[in-house]
Amino acid sequence: MKIDQAIVDGTGRSLIEKGAYLDDFHIDYLQGKGIGGVYIQEGIPDDDELELQIPQYTKEVIEKSRVEDRAKVKLTESVRKRVGEGIQFLYSHTDDEHFSEATDNVANELMKTIVDNDAVAVDISMLKISDEYTFKHSVDVATMAMIIGKKHGLSDREVHDLGIAGLLHDVGKTKIPNEILNKNSRLTDDEFALMKQHTLFGFEILKSRNEFSDGIMRGVLQHHEKINGRGYPLGNSADKIHPYAKIIAVADVYDALVTERPYKEAFPKGVAIEMIMSMTGELDYDAMKSFLGSVILYSVDSIIHLSNGESAKVVENSPENCLRPKVVGLKSGKIYDLANDISCASLIIL
């Protein structure tokens, strides 16, 4: 509890400053003075406030326990600008003679970033190209798909082409009326039937140019197919779905879940991961495993809040369990190894 008033004695001397965090010593002291209650600040303090309150011994535990995250994709401001401009051009000029060249340039920017950083992981919270959903979503999906593809063992050429398919997976939506795309309520059956045609529209846009590989075109066409055969547009089952489409499907579902839209709130990242894990009947299991081994939910040095009421700093991530990092309690200095310590089994990150 953070005290919201200074405690002063009869002469006006401050016994406990306003803004101090009350521990057992403080509470015993106040009760000994006959003070039965004080005003406290409500809500969880912001991260900067919490940082200022970390005791020295906790800082030492954090420093000793800290393990850097695996190399992550890092988009510089200049890269963000070029990629943002590039993706907006692609979705606004599908008939332009330079469309294929522009697509290749954007994919090259992302590929160069991955190679330069030797990136093997992606922190979704760091991906933000534009406030416009379609552009942001396309770049997020492409970036995640490329990292997943790398984890999956694809060659550099395949990762590059997978990135192109990710960038263009929703290009068919340029043929859908804006009043349907941006509708803030449930689509009618007819509207949803038209919306589902975007994969076919995208495939036709690429096919008409005769400049894209079969894998890229099938990645765009099949990214809403399900391995149980209940997806669209063709109802293909697992053996007929291209590997690019299987990977894009996982990235597409995840990014859609964690993104706020006019008709839905964003799911918390951890909840979205659990939802992905429950979709083994729809998403390819190997692609899902590669995704789970690539995504970082809580980057090292970020502050999280545990179900036992303690705030903690992330000091190490587990590639095998992105939901359960190792953290250190900010006030207690206690190490919580959420993935491996059985005594932490009942703790969750709020």
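Cut-offs and rules
Residues numbered from 1 in each chain as written. Predicted model: local features only at pLDDT ≥ 70, side-chain atom pairs only at ≥ 80, totals over all residues. Heavy atoms only, no water. Pairing = 2+ DSSP bridges. Helix = DSSP H or I, 4+ residues; strand = E, 2+ residues; numbered from the N terminus. Axes fitted to C-alpha atoms, helices over the stretch in contact; angles between N-to-C directions. Contact = heavy atoms within 4.5 Å. Buried < 20%, exposed > 50% of the residue type's maximum accessible area, 1.4 Å probe, protein only. Polar contact = N/O pair within 3.5 Å; in protein donor to acceptor, adjacent residues only side chain to side chain. Phe/Tyr/Trp six-rings, centres within 6.5 Å; stacked < 30°, edge-to-face > 60°. 1 Å grid on protein atoms, 1.4 Å probe; cavity = no way out; pocket = protein on both sides within 12 Å on 5 of 7 lines; lining within 4 Å. Points joined across faces, edges and corners; volume = space filled by probe spheres on them. Nonpolar A, V, L, I, M, F, W, Y, C, P; charged D, E, K, R; others polar. Parallel < 35°, antiparallel > 145°, perpendicular 65-115°, else oblique. Left-handed = near helix turned anticlockwise from the far one by under 90°.

(A) The sheet that holds strand E10 (residues 335–337), seen in detail. Spatial ordering of the open sheet is given by E7-E8-E9-E10, a layout of four strands whose pairing is antiparallel. Across the chains shown, the open sheet's two edge strands, defined by having one partner strand only, are strand E7 (303–305) and E10. The sheet shows a mean angle of 40 degrees between the axes of neighbouring strands, taken without regard to direction. Across the sheet, helix H3 (residues 56–65) touches strand E8 (311–316), strand E9 (326–329) and E10, and the angle it forms with E9 is around 170 degrees.

(B) Spatial organisation of helix H14 (residues 285–292). Residues of H14 that are buried include every one of Ala287, Met288, Ser290, Phe291 and Leu292, and no others. Its side-chain oxygen placed 3.3 Å from the backbone nitrogen of Asp286, Asp284 serves as the N-cap of H14.

(C) Inspection of the packing of aromatic side chains at higher detail. For the coordinates displayed, the defined rule picks out two aromatic pairs. Seen in terms of ring centroids, Phe99 and Phe212 are 6.2 Å apart; in terms of plane orientation they differ by 70 degrees. Their pairing is edge-to-face. With Phe99 in helix H5 (residues 99–117) and Phe212 in the loop between helix H10 (198–207) and helix H11 (214–222), the pair connects residues that are 113 residues apart, well separated along the chain. The interplanar angle of 55 degrees and the centroid separation of 5.2 Å between the aromatic rings of Tyr254 and Phe291 together place this pair among those described as tilted. On the criterion of sequence distance, the pair formed by Tyr254 in helix H12 (residues 243–257) and Phe291 in helix H14 is long-range, its members being 37 residues apart. Here Phe291 falls in the buried class, since its relative accessible area comes to 1%.

(D) How the structure looks around empty space enclosed by the protein. In this structure the tally under the stated criterion is one cavity of 30 Å³ or more. Volume-wise, the largest cavity comes out at about 30 Å³. Along the lines of polarity and charge, the residues of the lining of the largest cavity split into four nonpolar, no polar and four charged.

(E) Structural context of the packing of helix H4 (residues 77–92) against H5. At a closest axis distance of 10 Å, the pairing of H4 and H5 adopts a crossing angle of 150 degrees. Relative to H5, the element H4 lies roughly antiparallel. Of the two possible hands of crossing, H4 and H5 adopt the one that is left-handed. Two secondary-structure elements touch here, H4 through Val79, Arg82, Val83, Gly86, Ile87, Phe89 and Leu90 and H5 through Phe99, Ala102, Thr103, Val106, Glu109, Leu110 and Thr113. Counted by class, the contact of H4 with H5 contains nine nonpolar, three polar and two charged residues.

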